[in-house]
Amino acid sequence: AVRSWAGWWSDLGRGIRPLLKLSYALNWSTGPGLFGFHLGNLLIHLGVSILVLLLARTLTGPSTRMGCVALFAALLFALHPIQTEAVTYLAGRSASLVAFFYLASLAAYIHGRLEGRPLLIYALSPVLFLLALAVKETAATLPAALLLWEIIRRDRPFRLREALASQAAHLGVLAAALAAFLAIPGHRFLIEYSFGLRGFYENLLSQIHGQFMLHAHYVLPGYLNFDPDLPTLTRWSWGLAIEAGILGCALAAGLWNLKRRPLVSFAILWVFLHSMAVYAAVPRTDILNERHLYLGGFGLFLLAGAGAAWFADQWPALRLPVAAAACALLIVLGLFTVERNAVYRSEIRLWEDTAAKSPGKARVFNNLGYAYFLAGRNDEARKAWLETLRIDPAHELARNNLSLLDVKGDVL
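Reading the values: the criteria
- Residues numbered from 1 in each chain as written.
- Predicted model: local features only at pLDDT ≥ 70, side-chain atom pairs only at ≥ 80, totals over all residues.
- Heavy atoms only, no water.
- Disulfide = S-S within 2.5 Å.
- Buried < 20%, exposed > 50% of the residue type's maximum accessible area, 1.4 Å probe, protein only.
- Patch = residues over 30% accessible without salt bridge, like charges linked within 9 Å, V, L, I, M, F, W, Y side chains within 5 Å.
- Areas by Shrake-Rupley, 256 points an atom, 1.4 Å probe, with all protein chains shown as cover.
- Salt bridge = Lys/Arg side-chain N within 4 Å of Asp/Glu carboxyl O.
- Helix = DSSP H or I, 4+ residues; strand = E, 2+ residues; numbered from the N terminus.
- Core = buried A, V, L, I, M, F, W, Y, C linked by side-chain atoms within 4.5 Å.
- Contact = heavy atoms within 4.5 Å.
- Polar contact = N/O pair within 3.5 Å; in protein donor to acceptor, adjacent residues only side chain to side chain.
- 1 Å grid on protein atoms, 1.4 Å probe; cavity = no way out; pocket = protein on both sides within 12 Å on 5 of 7 lines; lining within 4 Å.
- Points joined across faces, edges and corners; volume = space filled by probe spheres on them.
- Nonpolar A, V, L, I, M, F, W, Y, C, P; charged D, E, K, R; others polar.
- Phe/Tyr/Trp six-rings, centres within 6.5 Å; stacked < 30°, edge-to-face > 60°.
- Lys NZ or Arg CZ within 6 Å of the ring centre and 35° of its normal.
- Expected span 1.5 Å × (residues − 1).

Q: Help me understand the state of the cysteines in this model?
A: Among covalent bonds in proteins, the disulfide is the one between the sulfur atoms of two cysteines. Within the structure shown, the criterion is met by 0 disulfides. Free of any disulfide, C327 has its nearest cysteine sulfur in C68, 9.7 Å distant. Take C327: its relative accessible area is 47%, and that puts it in the partly exposed class.

Q: When you look at a nonpolar patch on the surface in this model, what are you seeing that I'm missing?
A: A cluster of nonpolar side chains, contributed by F35, L39, L43, L46, I50 and L54, occupies part of the molecular surface with about 590 Å² of accessible area. Here I50 lies in helix α3 (residues 34-60).

Q: Could you clarify how one ought to interpret the pattern of salt bridges in this entry?
A: Two side chains with opposite charge may pair up if their charged atoms get near one another. Scanning all chains against the criterion turns up 19 salt bridges. Put simply, R291 and E85 hold a salt bridge, and the shortest N to O gap is 2.6 Å. Pair noted here: R291 is in the loop between α15 (276-279) and α16 (297-314) and E85 is in helix α5 (residues 84-87), with a separation of 206 residues, a long-range link. A salt bridge links E150 to R113, with the shortest nitrogen-to-oxygen separation between them at 2.7 Å. Taken together, the positions of E150 in helix α8 (residues 142-152) and R113 in helix α6 (residues 93-115) put the pair 37 residues apart, joining distant regions of the chain.

Q: Just checking my understanding: could you explain the nonpolar core for this structure?
A: Note on soluble globular proteins: their nonpolar side chains tend to be buried together. Y102, L103, F266, W270, F298 and L302 are the most contacted members of the largest nonpolar core, which has 76 residues in total. Counting residues per element, this core draws most heavily on α6, which supplies 13 residues. Those residues in contact with L302 that lie beyond four places of it in its chain are A56, L59, T60, A73, L263, F266 and A267. Among the nonpolar cores identified, the runner-up in size contains 20 residues, and I348, A381, A398 and L405 belong to it.

Q: Just checking my understanding: could you explain the side chain of S166 for this structure?
A: Within the element layout of this structure, S166 appears in helix α9 (residues 160-166). Sequence-distant contacts of S166, defined by excluding residues within four places in its chain, comprise Y109, R113, I121 and Y122.

Q: Sorry if this is basic, but what is going on with the side chain of R153 here?
A: Within the fold, R153 resides in the loop between α8 and α9. Among the polar contacts made by the side chain of R153, one reaches the side chain of E150 at a distance of 3.2 Å.

Q: Looking at this structure, I do not really get empty space enclosed by the protein. What am I missing?
A: By the definition in use, this model includes 4 cavities of 30 Å³ or more. In terms of lining residues, the largest cavity is bounded by 15 residues, among which V98, T138, Y279, H292 and L295 are the most central. When residues of the lining of the largest cavity are traced back to their parent elements, those giving at least two are α6 and α15. The biggest single contributor to the lining of the largest cavity is α6, with 3 residues. Residues of the lining of the largest cavity, tallied by class, amount to 8 nonpolar, 5 polar and 2 charged. Its boundaries defined by the atoms lining it, the second largest cavity holds a volume of some 40 Å³. Here the residues of the lining of the second largest cavity are counted per class, giving 3 nonpolar, no polar and 6 charged.

Q: What exactly am I supposed to notice about the layout of surface pockets here?
A: Over the atoms rolls a probe the size of a water molecule, and in doing so it shows where empty space is left. The computed volume of the largest pocket comes to approximately 1,500 Å³. Taken together, 47 residues form the lining of the largest pocket, with R17, E137, T138, F181 and L190 sitting closest to its centre. Mapped onto the lining of the largest pocket, the elements with two or more residues apiece are α2 (18-30), α7 (118-135), α10 (168-183), α11 (185-197) and α15. A total of 7 residues in the lining of the largest pocket trace back to one element, the largest contributor, which is α11. For the lining of the largest pocket, a count of residues per class yields 30 nonpolar, 9 polar and 8 charged.

Q: When you look at the packing of aromatic side chains in this model, what are you seeing that I'm missing?
A: Both the distance between ring centres and the angle between the ring planes are used here to describe each pair of aromatic rings. Tallying each qualifying case throughout the model produces 17 aromatic pairs. Taken together, a centroid distance of 5.7 Å and an interplanar angle of 80° make the contact between W28 and F37 edge-to-face. Ring geometry for W270 and F298: centres 5.3 Å apart, planes at 90°, overall edge-to-face. With W270 in helix α14 (residues 262-273) and F298 in helix α16, this pair connects stretches of sequence that are 28 residues apart. Of the two residues examined, W270 and F298, each falls in the buried class. The structure contains a cluster of three or more aromatic residues connected by ring pairs, namely F77, Y218, Y294 and F301. Positioned above the aromatic ring of W256 is the side chain of R260, whose terminal nitrogen or guanidinium carbon lies 3.9 Å from the ring centre.

Q: Just checking my understanding: could you explain α6 for this structure?
A: In an α-helix, one turn spans 3.6 residues, which is why side chains three or four residues apart end up on the same side. With 23 residues, α6 extends 32 Å from end C-alpha to end C-alpha; this agrees with the ideal 33 Å at 1.5 Å per step. Phi for G116, located one or two positions after α6, is positive at around 65°.

Q: Help me understand the environment of A1, please; the structure alone is not making it clear to me.
A: Its place among the elements puts A1 in the segment before α1 (5-11). When the C-alpha atoms of A1 and A312 are compared, they prove to be 53 Å apart, with 311 residues separating the residues in sequence. Apart from the residues lying within four places of it in its own chain, the contact partners of A1 are G7, W8 and D11.

Next comes the structure, spelled out in structure tokens:
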């Protein structure tokens, strides 16, 4: 569907995520090949990072000190290795491209409201919202993000009726997009498939564990995993209760500080809006992947910047060491990102790294076996597929691959 303009056009009426596919069709048609795809992803990430800087600057205020907070948050967003999956993995573009239009729509709305410019509020921002929805369905949370900003803004008291009136065009776009979504067979199939995977209760328990484990990768970047082994949970345990308690305390802190520390509250609630609120509501085949944290990371990095500023304010004598530590942290994260990108240089290296971190996941070893096969390393492919069947004796694809390797020297 994306390897020609005709293919993209013929898919338009029955497929999903048309703008995302359009970006891939553009890469296919322009000629640079793999380099063009990677360049496109990198430019999108650069654009999102600039939007993060502009939005953080607006949220933190005009002072020079808070400008440093905004810059630190944007650099964290740009350089943290957890972003690698959304940038280096070509299919991760769905996360970064939707973030670009999402944040652009939010920025247009905020500036329109602050500067009294109806064209930004009722025209540009809704159009950008529509583009975000055409990239990925998770953009549907934008009206909630706009409402969150209305609640925490300091220049005027919150009025729900006024806020909703300002978002009338966005709500109209959302309603129209939902109608179009349901009218397209591909979308209806995805809805039926998603809600057939697991019930809401099981998905909620699984998301609590998955969100806790993957958000830990922000402070443990050496544990980044392309295909994390996150189980579907059906009952409570003491470990899950502790994880839920920690997440619950964070959510309570976000709600408690809505008027006391609005920036902190915005940052915390932003993370929950783009993690639990999205992925707990609609089940997915995979519980969670690192690229799904991409947009939510804005809140965490903003919180990190605000925390560094608070620390420097409490102990003014340590401002220079805090600044030095911030610079050192950015350098270290940049080095981790370089190292993480190297894992993506070959199929074998990627799946070997993943197998070391998800030793109990059958799909990982099946993919590793296929990577070995493509490289002509049939003995290692056989071992990987045997390991797949040891983990999951019912794994049909690995069994078929082994059979065909024995018979023909070829695989599915």
